[in-house]
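# Architecture and fold: a report
Listed here are the chains, written in short residue letters.
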Amino acid sequence: MGDNILPKGGSNGISRRGFLGRTGSIIGTVALAGHLTPAAAAATAGAAANPIADGARVPALIIGTGYGGSVAALRLAQAGVDVQMVEMGMNWDTPGPDGKIFPKVTSPDYRSFWLRTRTKAPLSNFLGFPIDKDVPKYTGILDAEDFAGITVYQGRGVGGGSLVNGGMAVTPKRANFAAVLPSVDADEMYDTYYPRANAGLGVGMVDPAWFDTADCYQFSRVGRKHAQRSGFAWTFVPDVYDWDYMKKEAAGTATRSALAGEILYGNNHGKKSLVQTYLAQARATGRVTISPLHKVTTVSPATGGGYTVAIDQINTTGDTVATKTVTADRVFFAAGSVGTAKLLVKLKATGALPNLNGEVGKGWGENGNVMCGRANHMWDPTGKLQSTIPCSGIDNWDAGGAFAEVAPLPTGIETYASFYLSITKNPNRAEFTWNAATGRADLSWQTAWKQPSISMAKTIFDKINSKEGTIYRTDLFGGNKIWNDTLTYHPLGGAVLDRATDNYGRLHGYTGLYVIDGALIPGNASVNPFVTITALAERNIEKIIATDLP
């Protein structure tokens, strides 16, 4: 008898042995994927045709090509400034051996992870089986960067985090904004800069009528039913996916992308990353040059003004193939919260920029991210076909300190599972410091600091489980864990606005140095943060152009 049922919430009359057998294809796919090698890829894959030259002098150098850097590049170029952008990751424009640029979530290969020899998927287990596999070392698209108490997931490549996120383009509730960016005028953000950011990013909303009938959003409709039955506010959330394209995917008239399990390691078709939006506009000005596979190692004042910037050019296995020194009149730090904070604490500690203030490295948070799954009853299947683009959330922020994204689990089989990424009001903040002995920046985050996030997320899911008579899944993160409390997708802070910088991102102590990315936001955005990062960058660069440029 025990062999003929699934754990609670998973029975549909097939045996556990049979169910596991049906999952063999997905597990096998993941296992085999590690053997796909980049032999056909040239050593210069993903590099620029004309990268920045050694000895160059540039008016503006932007370190990073994510949201803040892309906004800065476009607006500076429109103002007549020639811009050089350097990006540590690749330019993702060349198909792999399978004819696609990006692989599926269920088939990670050499393209998937940044300079790792083994994958490190956020969902590490499926039905109790570990799914991570060995892969060749490569400058892949997703960096799972390990610190003592947390793994930070970050996009690597031209377009930064926009390449790998779910595209949920959420503007915080106005009532919550003062807690997000206390030194910023909410009126100007909501009247001017949030609308500007949403327009620039191409934000749109799923068609509610189509949503109600689409097979690929059955998982989200189950999430809605359970949330509402327990008295929680459920809401559609905007996204940067091309919703007309997704309708065509569902109708079978376009190549599947969101409906083919593509998101975490890039999306081949319908998603509007920065490559299609801000960066495309920036390049069209003729004033913006991007150098991929270039990593800034130091920035220091140059004799005669401006800044001397040392850069390592790397190949696709991470080896340095050239070192360059350029001079920039202005430098914009846009390497993401972690990249910018690590670089700044290094520059202060090593004496390259000793006048940076004591706030550099501080105020870092993980946006209260925790993940969990719930096992539903057989009468609540979540669907074999699941769009990788989430489009709804459960809002218990005011009462319980949690906003939960109803997330997909795109395995290609029926799992009867509801899966969630929660953003919570976690008060804990960490600090980056320079470790001279190891030559790297350390982060003071402790895994135990996730406990407030778990407690806040439980205000939603304990109540739903009680109402529905369901339980948490314990087979998704290894070790019978209910909560994935060792990760973040949303790193924020490390060079906080109006602390490490002035109220527009100018670094204290140095004229012509700016922070313009998520490092400015002190640890929590109350929702998915990229629209706020974009809007803040729009605000700041407008001020900088008006007041700082000759």
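Quantities reported herein were computed from a predicted structural model and do not represent experimental measurements.

### A word on the sheet that holds strand β6 (residues 151-155)
- What the three strands build is an open sheet, ordered β5-β6-β19; its pairing is mixed. Among the strands making up the open sheet, the edge pair consists of β5 (142-146) and β19 (487-488).
- Here two bridges tie β6 to β19, and the two strands are oriented parallel to one another. Of the residues in β19, the one forming a bridge with Thr151 is Leu487.

### With respect to the environment of Gly155
- Tracing the chain through its elements places Gly155 in strand β6.
- Along the backbone, Gly155 and Trp114 are 41 residues apart, and their C-alpha atoms lie at a distance of 8.8 Å.

### Details of the packing of helix α7 (residues 218-229) against helix α12 (residues 451-468)
- Running from N to C, α7 and α12 cross one another at 90°; their axes reach a closest spacing of 9 Å. In terms of orientation, α7 lies roughly perpendicular with respect to α12. Contacts from His226, Ala227 and Arg229 in α7 reach Ile464, Lys467 and Glu468 in α12.
- Class assignment of the residues belonging to the contact of α7 with α12 gives a composition of two nonpolar, one polar and three charged.

### Focus: helix α3 (residues 67-78)
- When the terminal C-alpha atoms of α3 are compared, their 17 Å separation across twelve residues agrees well with the 16 Å that a helix rising 1.5 Å per residue should span.
- For α3, the tally of buried residues reaches ten of twelve residues, placing the bulk of the element in the interior.
- Within α3 the residues assigned to the buried category are Tyr67, Gly68, Gly69, Ser70, Val71, Ala72, Ala73, Leu74, Leu76 and Ala77.

### Points about the side chain of Ser392
- Topologically, Ser392 is positioned in strand β13 (residues 392-396).
- Side chain to side chain, Ser392 and Ser220 meet in a polar contact 2.6 Å long.
- In terms of polar contacts, Ser392 uses its side chain to reach the side chain of Trp234, at 3.3 Å.
- Those residues in contact with Ser392 that lie beyond four places of it in its chain are Met168, Ser220, Trp234, Thr235, Phe236, Val237, Ala404, Glu405 and Val406.

### Observations regarding the nonpolar core
- Within the largest apolar cluster, 89 residues are counted, with the highest numbers of intra-cluster contacts made by Val299 and Phe333.
- Other than its neighbours up to four places away in sequence, Val299 contacts Ile63, Tyr307, Thr308, Val309, Val331, Phe333, Leu347, Ala352, Leu353 and Leu513.
- Within the second largest apolar cluster, 68 residues are counted, among which are Tyr138, Val164, Ala227 and Phe461.

### Quick notes on the packing of aromatic side chains
- Following the criterion strictly, the structure yields 25 aromatic pairs and no others.
- Here Tyr67 and Phe530 contribute two aromatic rings whose centre-to-centre distance is 4.7 Å and whose plane-to-plane angle is 5°, an arrangement assigned as stacked. Here Tyr67, found in helix α3, pairs with Phe530, found in helix α13 (residues 530-548); they are 463 residues apart in sequence, far enough to count as distant.
- Looking at Tyr67, the relative accessible area reads 10%, which means it is buried.
- Here Phe530 falls in the buried class, since its relative accessible area comes to 6%.
- Consider the rings of Tyr217 and Phe219, whose centres lie 5.8 Å apart with planes at 35°: the pair is tilted. For the residue pair Tyr217 and Phe219, the accessibility class agrees, reading buried in each case.
- Feature note: the residues Trp210, Phe211, Tyr217, Phe219, Trp234, Phe236, Tyr241 and Trp243 constitute an aromatic cluster, connected by ring pairs.

So, how was this worked out
- Residues numbered from 1 in each chain as written.
- Predicted model: local features only at pLDDT ≥ 70, side-chain atom pairs only at ≥ 80, totals over all residues.
- Heavy atoms only, no water.
- Pairing = 2+ DSSP bridges.
- Helix = DSSP H or I, 4+ residues; strand = E, 2+ residues; numbered from the N terminus.
- Axes fitted to C-alpha atoms, helices over the stretch in contact; angles between N-to-C directions.
- Parallel < 35°, antiparallel > 145°, perpendicular 65-115°, else oblique.
- Contact = heavy atoms within 4.5 Å.
- Nonpolar A, V, L, I, M, F, W, Y, C, P; charged D, E, K, R; others polar.
- Expected span 1.5 Å × (residues − 1).
- Buried < 20%, exposed > 50% of the residue type's maximum accessible area, 1.4 Å probe, protein only.
- Polar contact = N/O pair within 3.5 Å; in protein donor to acceptor, adjacent residues only side chain to side chain.
- Core = buried A, V, L, I, M, F, W, Y, C linked by side-chain atoms within 4.5 Å.
- Phe/Tyr/Trp six-rings, centres within 6.5 Å; stacked < 30°, edge-to-face > 60°.

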